[in-house]
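Here is how the chains run, residue by residue.
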Amino acid sequence: MLTATIEKIKTVEQAEELAHMILKSEVAQHYQSCYFLLYTNPVTKEKINRFSRLKDQYEEVQRFGRYHPDYSRVMKEVREAKREMDLDENVAAFRVAENELQVLLDEISVVIGRAVSEGIKVPTGNPFFSSGSSCGGGCGSGSSCGCSA
């Protein structure tokens, strides 16, 4: 019984070490710098805040649909604000960095899963990993992988 507890502690320590290695990786460092710019650049921050405010209005308008008196105006403003935010260089860089970090985490998940067993389902959400033992849509989601876990 004591051996199992010691093994669990060692495994958790190794997982923490892996997490530390990931945080120190170039990909994670790039993600963190992009995240920092996203919320410290005043122009980018204002675009995000404007979109968030309009999104709240959008949700209110959606309750009533086309019958809401401000429906057309709010829908147009939301689309414009989203486009303006999406075209911001800091937002675009953050999304690329976020995807790169997600790919790294997916790759690590697949390596760990396959090290345990080829039959382990690893929910990555990435179609690249959907063959073999990984599950593209999340286990139990009715995804095309057919897993029932």
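Given the structure is predicted, the values throughout are model-derived calculations rather than measurements. (Residues numbered from 1 in each chain as written. Predicted model: local features only at pLDDT ≥ 70, side-chain atom pairs only at ≥ 80, totals over all residues. Heavy atoms only, no water.)

Trainee: So what's going on with the pattern of salt bridges? Residues and values would help.
Mentor: Pairing is possible between side chains that carry opposite charge, provided their charged atoms lie close to one another. Counting across every chain of the model gives nine salt bridges. A salt bridge links R73 to E77; the shortest N-O distance between them is 3.2 Å. Within this pair, R73 and its partner E77 are both found in helix 4 (residues 71-86), separated by four residues, close to a single helical turn. On the basis of relative accessibility, which here comes to 23%, the residue E77 falls in the partly exposed class. Of the charged contacts, one joins R95 and D86 as a salt bridge, the two residues approaching to 2.6 Å between their closest N and O atoms. The exposure class assigned to R95 is partly exposed, which follows from its relative accessible area of 35%. (Salt bridge = Lys/Arg side-chain N within 4 Å of Asp/Glu carboxyl O. Helix = DSSP H or I, 4+ residues; strand = E, 2+ residues; numbered from the N terminus. Buried < 20%, exposed > 50% of the residue type's maximum accessible area, 1.4 Å probe, protein only.)

Trainee: So what's going on with the packing of aromatic side chains? Residues and values would help.
Mentor: Applying the stated criterion across every chain yields a total of four aromatic pairs. A ring pair is formed by Y31 and F94, whose centres lie 5.4 Å apart and whose planes are at 40 degrees; its orientation type is tilted. One end of the pair, Y31, is in helix 2 (residues 26-40); the other, F94, is in helix 5 (residues 89-116), and 63 residues separate them in sequence. A residue is classified by how much of its surface remains accessible, and Y31, at 21% relative accessible area, is partly exposed. (Phe/Tyr/Trp six-rings, centres within 6.5 Å; stacked < 30°, edge-to-face > 60°.)

Trainee: Describe the confidence of the model for the protein, listing the residues and the values that go with them.
Mentor: Per-residue confidence for the protein gives a mean pLDDT of 85, with 83% of residues at or over 70. Counting contacts from residues 131-149, a segment whose pLDDT is below 50, to residues more than four positions away or on other chains yields 32 contacts. (pLDDT = per-residue confidence, 0-100. Contact = heavy atoms within 4.5 Å.)

Trainee: Explain the side chain of N90 residue by residue, including any values.
Mentor: Here N90 is to be found in helix 5. On the basis of relative accessible area, N90 is assigned to the buried category, the value being 9%. When neighbours within four sequence positions are excluded, N90 is seen to be in contact with L37, L38, N41 and T44.

Trainee: Lay out the nonpolar core with the relevant residues and their values.
Mentor: Counting 15 residues, the largest nonpolar core has L38, I48, F51, V78, M85 and V91 as its most contacted members. Of all the secondary structure elements, the ones that give two or more residues to this core are helix 2, helix 3 (42-64), helix 4 and helix 5. With six residues, the top contributor of residues to this core is helix 4. When neighbours within four sequence positions are excluded, F51 is seen to be in contact with V78, A81, K82 and M85. (Core = buried A, V, L, I, M, F, W, Y, C linked by side-chain atoms within 4.5 Å.)

Trainee: Tell me what's going on with helix 4, and back it up with residues and numbers.
Mentor: Compared with the 22 Å implied by 1.5 Å per residue over 16 residues, the 22 Å span of helix 4 between its first and last C-alpha is a close match. When we look at burial in helix 4, the residues that qualify are Y71, V74, M75, V78, A81 and M85. Buried residues of helix 4 fall within an arc of 135 degrees about the axis and therefore sit on the same side. Along helix 4, exposed side chains directed more than 90 degrees from the buried face belong to S72, R79 and R83. For helix 4, the elements touching its buried residues are helix 3 and helix 5. (Expected span 1.5 Å × (residues − 1). Arc of directions from axis to C-beta.)

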